[in-house]
Amino acid sequence: MDFTFTEEQDKFRQEVKDFLAKQLPADWLTGGAPEEETDEWWEFTKKFLLAMADKGWLSLTWPKEYGGQERPLWEDAILGEELAYARAPGMDYWYRWKMISALLLNFGNDEQKRKHLPGIASGEVHWAQGFSEPEAGSDLGATKVRAEDKGDHWLVNGQKIWTTGAHRSNWCFAPMMTDPDAEKRSRRLSMLLIDMSTPGITVNVMESMEGASHVCETFFDDVRVPKENLVGERGRGWLAAMALVNIERSGTGFASLPQRVLEQLVQYANETKCNGVPLAQDLVIRSKLAQIAIEIEVCRMLAYRTAWVQNTGQDVTSVGAMIKLFGSEMMQRISNTGLQIMGPYGQLEPGSKRTQIAGLIERDYLWNVSMTIAGGTSEIQRIIISTIGLGLPRM
Amino acid sequence: MDFALNEEQEMLRKMSRDFLENECPKSLVREMEEDEKGYSPELWKKMAELGWMGLVFPAEYGGEGMNFLDLTVLIEELGRALVPAPYLSTVVYCGYAILAAGTEEQKKELLPKIAKGDLILTLALTEPSASWEPSGVEVKAVPEGDDFVISGTKLFISDAHIADYLLCVTRTKESKGEDGITLFLVDAKSPGISLTPLKTIASDKQFEVVFDKVKVPKKNMVGELDRGWDVIKDMLPKATLAQCALMVGGAQQVLEMSVNYAKERVQFGRPIGSFQAIQHKCADMATDVDGCRFITYQAAWKLSEDLPCALDVSMAKAWVSEAYRRTCVEGHQIHGGIGFIKDHDMQLYYRRAKASELIFGDADYHRELVAQQIGL
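Everything in this summary refers to the structure shown in the same document. (Residues numbered from 1 in each chain as written. Chains lettered and ligands numbered in written order. Predicted model: local features only at pLDDT ≥ 70, side-chain atom pairs only at ≥ 80, totals over all residues.)

## Quick look at the overall build of chain B
- Looking only at helices and strands, chain B features 11 helices and 10 strands.
- The C-alpha radius of gyration computed for chain B amounts to 21 Å, which stays within 12% of the reference 21 Å derived for 376 residues, consistent with globular compactness.
- For chain B, the spread of C-alpha atoms along the principal axes amounts to about 80 × 50 × 40 Å.
- Out of the 376 residues in chain B, the part that is buried amounts to 53%.
- If you take every contact in chain B between residues at least 6 apart in sequence, the share linking residues at least 24 apart comes to 73%. (Helix = DSSP H or I, 4+ residues; strand = E, 2+ residues; numbered from the N terminus. Rg over C-alpha atoms; globule rule 2.2 N^0.38 Å. Buried ≥ 20, exposed ≤ 12 C-beta atoms within 10 Å, placed from the backbone. Contact = placed C-beta atoms within 7 Å.)

In structure tokens, the structure reads:
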């Protein structure tokens, strides 16, 4: 066992920290960040992602032959940790970056790799993910957006939903029904790459309760997709999708963003007096904050364990589900506790007069509702852990 | 980062698990709950022959020269099998204290005997105030010629009835703080010592120990006069983590028992493990068990590597105390009625989980220690 990073890894972490300090304004966490998903935010995010690309961090772990840095997976885990800690912009774009590059590297043919990887590495081409449908949420196998084989092209019709960022994206990767008559449900789907500028695609943005506008639904109306845009084997789209959600779930950011929140809450409790006494002297508040610190440490262990399993090349399905389950539920508990500690100040939004900690935790409290749903609900994670991890019989 | 045990640790785990499956069946655990001694001298001897008593002592004192992380692996297995033996009392609480602070003569005299299984020791720290802090130490030791004379009451003292020596934590100077505390190895047969057994939730053997003008020779002092708390401070993280390791082993076993039961138990024509209500419980248990394991092993690893670990130890004890209890509660719910019947193993774990939770500070106690270390 060894619970430290190597000197080289520490050096890389410092490099990321220095990069973030340079790229993000000093008041980034105290009100300097543009409101999410405004045009101003998107311009800043694009610039930030280009700077990440300049560093080679959008192709960090790829093989050299595809323009990658061939760095160990641990550096990717460290990068994810530091980005989340800094609340860097475009984190969900970054996660989709990881998914699309994994899709192409693992399942794509040479031509697809040559065509798409450079744009991903340079940070210029943005990708959306088209997994869910109105009737296929947790039950991804029920995907019914149809991609009909028309000889020289696929003809796509139907609706995807939760295609986050689709309105800003140039391309989309999505499992679609190519073989409705296949006996096995999982053999009916194939993974397609879709140019978002193709005629027949409509994107509708849905505003979520915290005010961000990046959750989308995407409609396909007689959309012609070239035949060569099939990734991997026909009828194996479900398998590819499952491999990708493991990546989505196995992030190290689950512990590091809450760590930042904890530090801010500790500072708040030390600096804020109630009835003339600092909140930090209140035994209940001390206990609550300590509990947050402990949960974050447990979360960090589960996150590092997942990264370790990934690094050793073992299956990450169950342990990835575990960190996703624990991390997302913990984030909800933490933002809830945070607002309680702040009392009536907790309800103040970013930009309000007298807002505390820039209203970040109020924003988290609203946004975190989606954490136990997006990327697979907590209920689905529990089923994965108990059936794949513990071998319990399926329903 | 490396979450795997090394080859030697894997061997120790496998060997100890195999050995305890054969030598420490649950029938023995039940028998020892009723037994006056509460441990099997025969099993104790065999454990010593395997080198377990001297696992962490240097070879020159008859030990195996292994480290605290190795010990954690072994203790996890003791917790899994619920081994009824004065192991933590002898090896962790007292063995480490003597190793760290004993004179060369004491070490040469005592450690090889512990390693051979010929000596049982226990720590007499807590008093009726049930405090883990120096302010809780009020039992007095007063110098008299070549002796000290100890008077007062110690409480919740494990294995005192079978111990050859009690490592007694005494007050040698008027003070409430760390200063003025001195440790003595007191021969358990000394005149003036009286034991009253307590009846406990885990059916383990704990005692009230009254010292009535008990004489102990000056040479039995462990560590320096008035500086005894330094020794305790060094030992407490090890004792606390040893309890965590016991709980990790217990929690792992409860998880496995419950998952196996959920696969076999049929209701409504199918295994209950196919119901999501049960699956979700099992997933939560597995998450708790893994969290317990890694937060404990991280702290144990830091301790082994001589890195600062006070925060990690308190985090581990706070988390594991509650997560192990949750795991047992879910385990009982999965087992239904049969789990709370005495003949079933489930209840053995449930009762011990509470005992481990309460010793060396529960979650509330350690959360306050965490609060002090995160800048509050």
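Next comes the rest of the write-up.
## Examining the nonpolar core
- Counting residues in each nonpolar core, the largest one holds 239 residues, and the members touching the most others are L289(A), A97(B), L167(B) and F184(B).
- Top element by residues in this core is helix 7 (residues 228-264) of chain B. It accounts for 18 residues.
- With sequence-adjacent residues up to four places away left out, L167(B) is seen in contact with C94(B), A97(B), L121(B), L123(B), A124(B), L183(B), L185(B) and V222(B). (Core = buried A, V, L, I, M, F, W, Y, C linked by C-beta atoms within 7 Å.)

## A closer look at unusual backbone geometry
- Positive phi is not limited to glycine here, since E37(A) has a value of about 70°.
- The residue S203(B) is not glycine, and still its phi comes out positive at about 50°.
- Structurally, S203(B) is set in the loop between strand 6 (193-198) and strand 7 (206-217).
- The partly exposed category is assigned to S203(B), around which 18 C-beta atoms lie within 10 Å.

## A closer look at the interface of chain B and chain A
- In this assembly, 38 residues from chain B lie in contact with 37 residues from chain A.
- Mapped onto the side of chain B that touches chain A, the elements with two or more residues apiece are helix 7, helix 8 (276-304), helix 9 (310-335) and helix 11 (363-373) of chain B.
- Among the elements that take part in the side of chain B that touches chain A, helix 8 of chain B stands out by supplying 15 residues, more than any other.
- Class assignment for the residues of the side of chain B that touches chain A results in 22 nonpolar, 9 polar and 7 charged. (Nonpolar A, V, L, I, M, F, W, Y, C, P; charged D, E, K, R; others polar.)

## Comments concerning the pairing of strand 4 (residues 165-171) of chain B
All names here are of chain B.
- A large share of strand 4 lies buried, amounting to 7 of its 7 residues.
- Burial along strand 4 is two-sided: Y165, L167, V169 and R171 facing one way and L166, C168 and T170 facing the other are all buried.
- In this structure, strand 1 (residues 121-124) lies alongside strand 4, joined through 4 bridges in parallel fashion. Paired with L123 across the strands is L167, a residue of strand 4.
- Two elements, strand 4 and strand 5 (residues 181-187), share 7 bridges in a ladder whose sense is antiparallel. Residue pairing for strand 5: R171 is matched across the bridge by I181. (Pairing = 2+ DSSP bridges.)

## Comments concerning helix 9 (residues 283-311) of chain A
Residue and element names in this part refer to chain A.
- End to end, helix 9 covers 42 Å across 29 residues, agreeing with the expected 42 Å (1.5 Å per residue, within 8%).
- Helix 9 sits mainly inside the fold: 22 of its 29 residues count as buried.
- G313 occupies a position one or two residues after helix 9 and carries a positive phi of about 80°. (Expected span 1.5 Å × (residues − 1).)

## Describing the packing of helix 4 (residues 73-85) of chain A against helix 9 of chain A
Residue and element names in this part refer to chain A.
- At a minimum axis distance of 9 Å, the contact between helix 4 and helix 9 shows a crossing angle of 155°. Judged by the angle between their axes, helix 4 and helix 9 are roughly antiparallel. For the crossing formed where helix 4 meets helix 9, the hand is right-handed. Only A307, Q310 and N311 of helix 9 make contact with helix 4, whose side of the interface consists of L73, W74 and A77.
- Each residue belonging to the contact of helix 4 with helix 9 can be placed in one class, and the counts come to 4 nonpolar, 2 polar and no charged. (Axes fitted to C-alpha atoms, helices over the stretch in contact; angles between N-to-C directions. Parallel < 35°, antiparallel > 145°, perpendicular 65-115°, else oblique. Left-handed = near helix turned anticlockwise from the far one by under 90°.)

## Comments concerning the pairing of strand 7 (residues 215-226) of chain A
All names here are of chain A.
- For strand 3 (residues 153-161) and strand 7, the ladder comprises 8 bridges, and the chain directions are antiparallel. In the sheet register, I161 faces strand 7, and the bridge partner there is E217.
- As judged from the 6 bridges shared by strand 6 (residues 201-206) and strand 7, these two strands associate in the antiparallel manner. Across the sheet, M206 pairs through a bridge with V215, a residue of strand 7.

## Section: the environment of S158(B)
All names here are of chain B.
- By the element assignment, S158 lies in strand 3 (residues 147-158).
- Residue S158 is classed as buried on the basis of its C-beta count, with 24 C-beta atoms lying within 10 Å.
- When the C-alpha positions of S158 and I114 are compared, they lie 17 Å apart, and in sequence the two are 44 residues distant.
- Setting aside residues up to four positions removed in sequence, S158 forms contacts with P86, S89, T122, D204, K205 and Q206.

Honestly, it's all geometry; don't read function into it.
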